[in-house]
Amino acid sequence: MKYDFAIIGSGIIGLTLAFKLKKKLKSANIIIFEKEPNSTSHGSGRNSGVLHSGIYYEPGSLRANLCVKGAIELKEYIKSEKLWINECGKLLVPNSNTSYSHLNKLYERAKQNNVKIYKLKKEEIERKEPNINCKYNYGLHVPFTSVANPYEVSQSLIKNIKKKGIDIIYNCKILKISDTNLIAKDKNFQANYIFNCAGLFADVVAENSDLKFKYSFLPFKGKYWKIKNKNFKLKHLVYPIPDTRYPFLGLHSSHNQNGDFYIGPSSTPVFGRDAYTDFFGDNIKESLNLLYNFSKKIALNENKLRTLAIKEILLITKFGFYSQVKKMFKNININDLELSKQKVGIRSQIFDPQSKNLVNDFVIINQNQTTHVLNAISPAWSASFAFADHLIDQIHL
């Protein structure tokens, strides 16, 4: 049987893509292949569930355009499906002189991206959130930002696409693509058009499919610490003002529908695509290659990775992590922090060896009858519905 469309990966991009394709082409025969036994083993089930507004991203970039549009549509979908959402808004507070120096740039960038944002005085911030340690005169407030349950969203999409006749074949790892053929270990499949949305493994599928690209894969692990003190509460998400040159947002608060509060994530280099519990993954050859690549880039301080690595090493210990936490939060003691074993994610980050920089935007490459999504970094979850539209628009259906 030859499908009209095949999608590799049932993460949030794969699911929303199937949802949108079926909406546009009701008679299309669509199949999704997933190497895991479920759709939430990796980023789509492990992210913090934040619906980002789009303030951080370079105006005109894919991340900016798709996040602003996509987050609005994602919020509408969540509400229409009566899923949990907390429209708490976000407060951004400087945590250093460097951070404070980026405040006006971030404010103007939000305006350029058509996101509502407000400057607040220190006193206003502390009235809104007594547990914030605001040492500078101003911070920012973004009312749109919300929190949802990413697992719940994925399960809702799975239910809805299955109702429309779309199948997901689990435990089926697509090794490579050859023209319109999808090659798995024990079986081949065919489709008129193929989308490679394999997340952490998208570059492997692309490389095995003879796609020539200049990027290398550099995964970063994010860990969170849970706040055990049940008396500690926040009404908003609380983030630092980040250095917009990097794709990382810094240590920030996170919460869920159970009322649990977390702070994180770290952005530690890790030597495996699925090394959620260790520094090394199951593929020894790849782990050694990643170790070499990271070591080389850190030694040469490419994209200031040495600076980042030194900063992140300090966050490995509880004391080091706490020393950063207290720059932004009050009324947390070191004994209130407990490393979460469940709230761990790996970022599918790619590196450009020509510019010697971490790639700070989504990367989409077309190859014959295939589209490869190679850098679905944050805010891919927030942007997912618009991301799906963009992928469909690119192939001119």
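Residues numbered from 1 in each chain as written. Predicted model: local features only at pLDDT ≥ 70, side-chain atom pairs only at ≥ 80, totals over all residues. Heavy atoms only, no water.

Chemist: What exactly am I supposed to notice about the overall build of the protein chain here?
Modeler: Of the regular secondary structure elements, the protein chain holds twelve helices and 23 strands. The C-alpha radius of gyration computed for the protein chain amounts to 21 Å, which stays within 12% of the reference 21 Å derived for 397 residues, consistent with globular compactness. Each principal axis of the C-alpha distribution contributes one length, and for the protein chain these read about 65 × 50 × 35 Å. The buried share among the 397 residues of the protein chain stands at 57%. (Helix = DSSP H or I, 4+ residues; strand = E, 2+ residues; numbered from the N terminus. Rg over C-alpha atoms; globule rule 2.2 N^0.38 Å. Buried < 20%, exposed > 50% of the residue type's maximum accessible area, 1.4 Å probe, protein only.)

Chemist: Teacher, can you tell me more about the side chain of S39 here?
Modeler: If you trace the backbone, S39 turns up in the loop between β2 (30-33) and α2 (43-46). For S39, a relative accessible area of 6% gives the class buried. The residues touching S39, leaving out its near neighbours within four places in the chain, are S10, G11, S44, I158, I168 and Y170. (Contact = heavy atoms within 4.5 Å.)

Chemist: Explain a nonpolar patch on the surface to me, please; I cannot follow it from the model alone.
Modeler: Judged by side-chain polarity, F279, F280, I313 and I316 come together as a nonpolar surface patch covering roughly 400 Å² of accessible area. Considering the arrangement of structural elements, one finds F280 in the loop between β18 (268-269) and α9 (284-300). (Patch = residues over 30% accessible without salt bridge, like charges linked within 9 Å, V, L, I, M, F, W, Y side chains within 5 Å. Areas by Shrake-Rupley, 256 points an atom, 1.4 Å probe, with all protein chains shown as cover. Salt bridge = Lys/Arg side-chain N within 4 Å of Asp/Glu carboxyl O.)

Chemist: Help me understand the pattern of salt bridges in this model?
Modeler: Once their charged atoms are close, side chains differing in charge can pair, the charge on each being opposite to the other. Going through the model one piece at a time under the given rule, you end up with twelve salt bridges. K20 is the partner of D389 in a salt bridge, and the nearest nitrogen-oxygen pair spans 2.7 Å. Taken together, the positions of D389 in helix α12 (residues 380-394) and K20 in helix α1 (residues 12-24) put the pair 369 residues apart, joining distant regions of the chain. With respect to class, D389 is no different from K20; both count as buried. Among the charged side chains, a network of salt bridges with common partners joins K20, E73 and D389.

Chemist: Which parts of the structure should I look at to understand the side chain of S382?
Modeler: Take S382: it is sitting in helix α12. Reaching out from S382, the side chain makes a polar contact with the backbone nitrogen of H52 at a distance of 2.9 Å. The residues contacting S382, other than those within four sequence positions of it, are V50, L51, H52, C67, G70, A71 and L74. (Polar contact = N/O pair within 3.5 Å; in protein donor to acceptor, adjacent residues only side chain to side chain.)

Chemist: Honestly, the packing of helix α3 (residues 62-80) against α12 in this entry has me stumped. Any pointers?
Modeler: A packed helix pair is summarised by two numbers, namely the angle formed by the two axes and the spacing between the axes. Between α3 and α12, whose axes approach to 6 Å, the crossing angle comes to 105°. What the angle tells us is that α3 and α12 run roughly perpendicular. Where α3 approaches α12, its residues L62, L66, C67, K69, G70, A71, E73, L74 and Y77 are matched on the opposing element by W381, S382, A383, F385, A386, F387, D389 and H390. Grouping the constituent residues of the contact of α3 with α12 by class yields eleven nonpolar, three polar and three charged. (Axes fitted to C-alpha atoms, helices over the stretch in contact; angles between N-to-C directions. Parallel < 35°, antiparallel > 145°, perpendicular 65-115°, else oblique. Nonpolar A, V, L, I, M, F, W, Y, C, P; charged D, E, K, R; others polar.)

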